[in-house]
Structure formats: C-alpha cells, structure tokens
Amino acid sequence: MSATHHLNSHDVEAYHEQGFLNALEVLEPDEVAALYQDYQAYQAQVPKHLPDPYKHKVHLLSAWADKLVHHPKILDAVESLLGPDILCWTSNLLAKAPGDAAFVSWHQDSGYWGLEPAQVVTAWVALTPSTKRSGCVQVLPKTHLGEDYAHRDTFKKDNMLTRGQELELEIDPEEVVSLELAPGEMSLHHIKLAHASGANEADAPRVGLAIRYMSTDVQKKGKPESALLVRGQMGPSRFYPEKRLQSDLDVAGRLAHNRALRLQVANNYTSQGTSRFSMRLRLGLKKILSQSFLDLSYVKLCFEKIF
Ligand SMILES: O=C(O)CCC(=O)C(=O)O
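Overview of the structure. (Residues numbered from 1 in each chain as written. Predicted model: local features only at pLDDT ≥ 70, side-chain atom pairs only at ≥ 80, totals over all residues.)

**What to know about the overall build of the chain**
And then number 1: What the chain contains, in helices and strands, is 7 helices and 15 strands.
And then number 2: Rg of the C-alpha trace for the chain: 18 Å, near the compact-globule value of 19 Å for 307 residues, within the 12% margin.
And then number 3: Every one of the 307 residues in the chain was classed for burial, and the buried ones make up 40%.
And then number 4: In the chain, 83% of the contacts between residues at least 6 apart in sequence involve partners at least 24 apart. (Helix = DSSP H or I, 4+ residues; strand = E, 2+ residues; numbered from the N terminus. Rg over C-alpha atoms; globule rule 2.2 N^0.38 Å. Buried ≥ 20, exposed ≤ 12 C-beta atoms within 10 Å, placed from the backbone. Contact = placed C-beta atoms within 7 Å.)

**Let's talk about the sheet that holds strand E11 (residues 195–197)**
Sheets are built from strands paired through backbone hydrogen bonds, the pairs being either parallel or antiparallel.
And then number 1: In space, the 4 strands of this open sheet follow the order E3-E11-E6-E9, with antiparallel pairing throughout. The outermost strands of the open sheet, each flanked by one partner alone, are strand E3 (104–107) and strand E9 (177–178).
And then number 2: Where E3 meets E11, 2 bridges bridge the pair, whose relative direction is antiparallel. If you follow His107 over to E11, its bridge partner there is His195. (Pairing = 2+ DSSP bridges.)

**Points about the pairing of strand E14 (residues 226–231)**
And then number 1: Across 3 bridges, strand E2 (residues 86–96) lies against E14 in antiparallel orientation. Across the sheet, residue Cys88 finds its bridge partner in E14, namely Leu228.
And then number 2: Two elements, E14 and strand E15 (residues 240–241), share 2 bridges in a ladder whose sense is parallel. Considered in E15, the bridge of Ala227 is made with Pro241.

Here it is in structure tokens:
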C-alpha cells in the first residue's frame, strides 16, 4: 500500500478479478493489542443471557469497534474499491472460542442481504490469528462474477448464519482459498463471493470484526434500514442516517443501537419466498425470539436510564 494506504492498481484489479484480497496489514502490533484488550473488556460486560444484540452493529455500542470502522487504513483501502462516499451497514463480531464447533456454511451474502447494486465489500479484520485450524474465512475465487447461486435454508446446529443457509453447489476443495490472517491484518471480500468457515480446532480464540461497507448509491430491498456515514457525503442514500457513538456503551448509544438493530432484524428474518412451510415457521419463530431479545434489552436499558 502507498503512504495514503489506498490500494495500488494491481490490487484493485485483482479484487475485481478474484472477488477478494488477503493479508492487508492495517493495524500496528500495539494497536491490535490495545483493541483486543478493549474487546475483552467489552465481552466481559455483555449480559450472559442476552448476547445476540451485542454481536451486530458493534460500532454503535463500543469504542474499540467504532475505532476500527473509522480506521483510516481500512477506509482508504475500501475507498479504492467503492469510491469516496462510504456507509457502514453493519459490523459483526465473529468470535470462535477454542474448540468451538461453530461454523459458517458456503453462501453468498448477496443471496439474502437485499443490498443492490453489489457495491458492497466486507473488511474482515483479525484481532487474533485466523488460520485454517482456527476456522478462518475460506472463499471460492471468481464466484462474484456470475449470477447468484440458489441457497437452501438448513437451520443446522452450530451454523452461525441466521437461517443456516447454504449454496446448492458442489464445492471443489481444490478451488477453495483459505484467508489466513495474522492479528492486525484484514481481508476484503465482495458481497457476491461464495465463502464459508470451519470450526475452531485450535487451542486459542479466533476473533474478527466483519465490517460491511457500501457506497451511498446502494439501496435496501424490504423495509428501510439505517446506516452510518463513515466517509464522504450521504448523497442519494435512502438509508436513515445513524449517529456516531459518543462514548463507550453509554445508555443513549445503546438505545440508538437497539433502534437500528430492530430495523435490521425485521428484514433478516423475513422469508424470501422459497422456503418450505416448516422453514418459514422456524424463521418466524426466530424473528419473534430476536425481537423479544431486543425488547428485553430495551426495557433493561430504559430502567438503567431512569434509575
Ligand atoms: O467469520 C467467519 O467465520 C465467517 C465470516 C462471514 O461469513 C462473513 O464475513 O460474511
């Protein structure tokens, strides 16, 4: 990367051809050590019985994630791919404890995110080593170039995806590329690129923040949602603008986070019409459960605000 940290033309070309880039150094060793410490302090505060809301749109809740989402090296690289006006749609905390069976089936994000056009990129930033053994992200190069593949919902145990969706596609192991990362490195992948990840068979945690960036002309199918402008101008965007976090885990920020997530949950668990009745029922139940979790955390927060 050059002094401004924008990608060079060779990397930009490789991204457009292959659908991903790997092992871009974005954090200095002392930066990643401090962020990991802050992440651990954050985890210690997450309510044991309500962990889910704290894994999504994390940058609206906690300063370590806010710092990452606005990190100039990450944004410069993303700007090289999306242009100058950039929104953050969400950030997902993807942590697998040592020996954790959690996995992600082969899927394309474009199959169910409802974001168009496909000017959307994930920056997956590693806070710990992410290796084949610890269940790093794996990709199938060039799958972003064609039409979307069909997916089926499986709701498999230990699948980290909302509906356990997986590609109806035979995967050739020879074609799979593992995006191994050292702490402080990131990969970038296109919204249409097929990807997956395995269980953590290592004896150390695998922790990453997956930041979903999009250009401001991207629109959302379904009910309107909100997003945070992280660089440039809002321009024609139809997303409700979110406010940047003021201070770590403060009540106002948590209420704003709760409102933003409520809009996203309504869309995430909406059936896409192809599922069987039993699958639609499961999806409906998951939606009610997620919304109840949000309602519970909302009530808890209001109490904290008043008393
Ligand atoms: O972190 C993982 O294991 C999976 C990541 C993923 O599916 C994504 O970033 O879209």
